[in-house]
Amino acid sequence: MAKPIPKVGSRRSGRSSARKSTRRIPKGVIHVQASFNNTIVTVTDVRGRVISWSSAGTCGFKGTRRGTPFAAQTAAGNAIRAVVDQGMQRAEVMIKGPGLGRDAALRAIRRSGILLSFVRDVTPMPHNGCRPPKKRRV
């Protein structure tokens, strides 16, 4: 008589997915990292746990198009759409980097209907850190 093989972890995986969809997040933090090549938008809760993220590359942009403002706007819209469904109403925005997608991502966040408590620029600035490379002689 053959014994049935128990499914390992089947009950646990079903329970965790049900819990994730029911979690309500009233306030969060939106991190925008805009480099010259790509823009990454990450939405976290107040403690820093990632809820949703998107980048210009995951939205289907390839090559140099990833650094464009339109790609940043699309990435921000994709990241925020998931958290608005979970009930986020207020957020803080942290913008990092020198890229072209800074303003476009912020514009998309403002248009989404989330109330912004503040917008902070957290671009790392050196206090005369590393020595720059020597001048080119052509």
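To start, this report covers the structure provided alongside it. Note that the structure is a prediction, hence the values are computed from the model and not measured.

A separate point is the packing of aromatic side chains. This model, assessed by the stated rule, comprises one aromatic pair. Centre to centre, the rings of Phe61 and Phe70 are 5.9 Å apart; their planes meet at 85°, and the pair counts as edge-to-face. Residue Phe61 is classed as buried on the basis of its relative accessible area, which comes to 16%. In this structure Phe70 comes out as exposed when scored by relative accessible area, which is 53%.

Here the focus is the pairing of strand E2 (residues 39-45). Of all seven residues in E2, six are buried; the element is thus mostly enclosed. Pairing of strand E1 (residues 27-34) with E2 involves seven bridges; the strand directions are antiparallel. Residue pairing in the sheet places Gly28 in a bridge with Asp45 of E2. Count of turn residues in the E1/E2 antiparallel hairpin: four residues. As defined by bridge partners, E2 adjoins strand E3 (residues 50-55) across five bridges and the pair is classed as antiparallel. Each bridged residue has a counterpart across the sheet, and for Val43 the counterpart in E3 is Ser52. Where E2 folds back onto E3 in an antiparallel hairpin, the turn is made up of four residues, including Gly48, whose phi is positive at roughly 105°.

Moving on to helix H3 (residues 101-111). Among the residues of H3, those classed as buried are Gly101, Ala104, Ala105, Leu106, Ala108 and Ile109. Looking at the buried positions of H3, the neighbouring elements they touch are E1, E2, helix H2 (69-85), strand E4 (90-96) and strand E5 (115-121). Gly113, located one to two residues past H3, shows a positive phi value of around 100°.

Moving on, we come to the packing of H2 against H3. Between H2 and H3, the shortest axis-to-axis distance is 8 Å and the interhelical angle comes to 35°. Classified by chirality, the crossing of H3 by H2 is right-handed. Of the residues in H3, those in contact with Pro69, Ala72, Gln73, Ala76 and Ile80 of H2 are Gly101, Ala104, Ala105, Ala108, Ile109 and Arg111.

In this section: the sheet that holds E4. Taken in spatial order, the five strands of this open sheet run E3-E2-E1-E4-E5, and their pairing is mixed. Sheet topology places E3 and E5 at the edges, where each strand pairs with a single neighbour. Adjacent strand axes in the sheet meet at a mean angle of 15°, parallel and antiparallel pairs treated alike. Strands in contact with H2 are E1, E2 and E3; relative to E3, the strand with the most contacts, it is inclined by about 155°. Each of E1, E2, E4 and E5 is contacted by H3, which is oriented at about 165° to E5, the strand it contacts most.

Attention now moves to a nonpolar patch on the surface. A contiguous nonpolar patch, built from Ile40, Val50 and Trp53 and spanning about 290 Å² of accessible area, is present on the exposed surface. Along the chain, the position of Trp53 falls in strand E3.

Applying the stated criterion across every chain, the model contains three salt bridges. Two residues, Asp121 and Arg102, come together in a salt bridge whose shortest N-O distance is 3.5 Å. One end of the pair, Asp121, is in strand E5; the other, Arg102, is in helix H3, and 19 residues separate them in sequence.

Conventions used here
- Residues numbered from 1 in each chain as written.
- Predicted model: local features only at pLDDT ≥ 70, side-chain atom pairs only at ≥ 80, totals over all residues.
- Heavy atoms only, no water.
- Phe/Tyr/Trp six-rings, centres within 6.5 Å; stacked < 30°, edge-to-face > 60°.
- Buried < 20%, exposed > 50% of the residue type's maximum accessible area, 1.4 Å probe, protein only.
- Helix = DSSP H or I, 4+ residues; strand = E, 2+ residues; numbered from the N terminus.
- Pairing = 2+ DSSP bridges.
- Contact = heavy atoms within 4.5 Å.
- Axes fitted to C-alpha atoms, helices over the stretch in contact; angles between N-to-C directions.
- Left-handed = near helix turned anticlockwise from the far one by under 90°.
- Patch = residues over 30% accessible without salt bridge, like charges linked within 9 Å, V, L, I, M, F, W, Y side chains within 5 Å.
- Areas by Shrake-Rupley, 256 points an atom, 1.4 Å probe, with all protein chains shown as cover.
- Salt bridge = Lys/Arg side-chain N within 4 Å of Asp/Glu carboxyl O.

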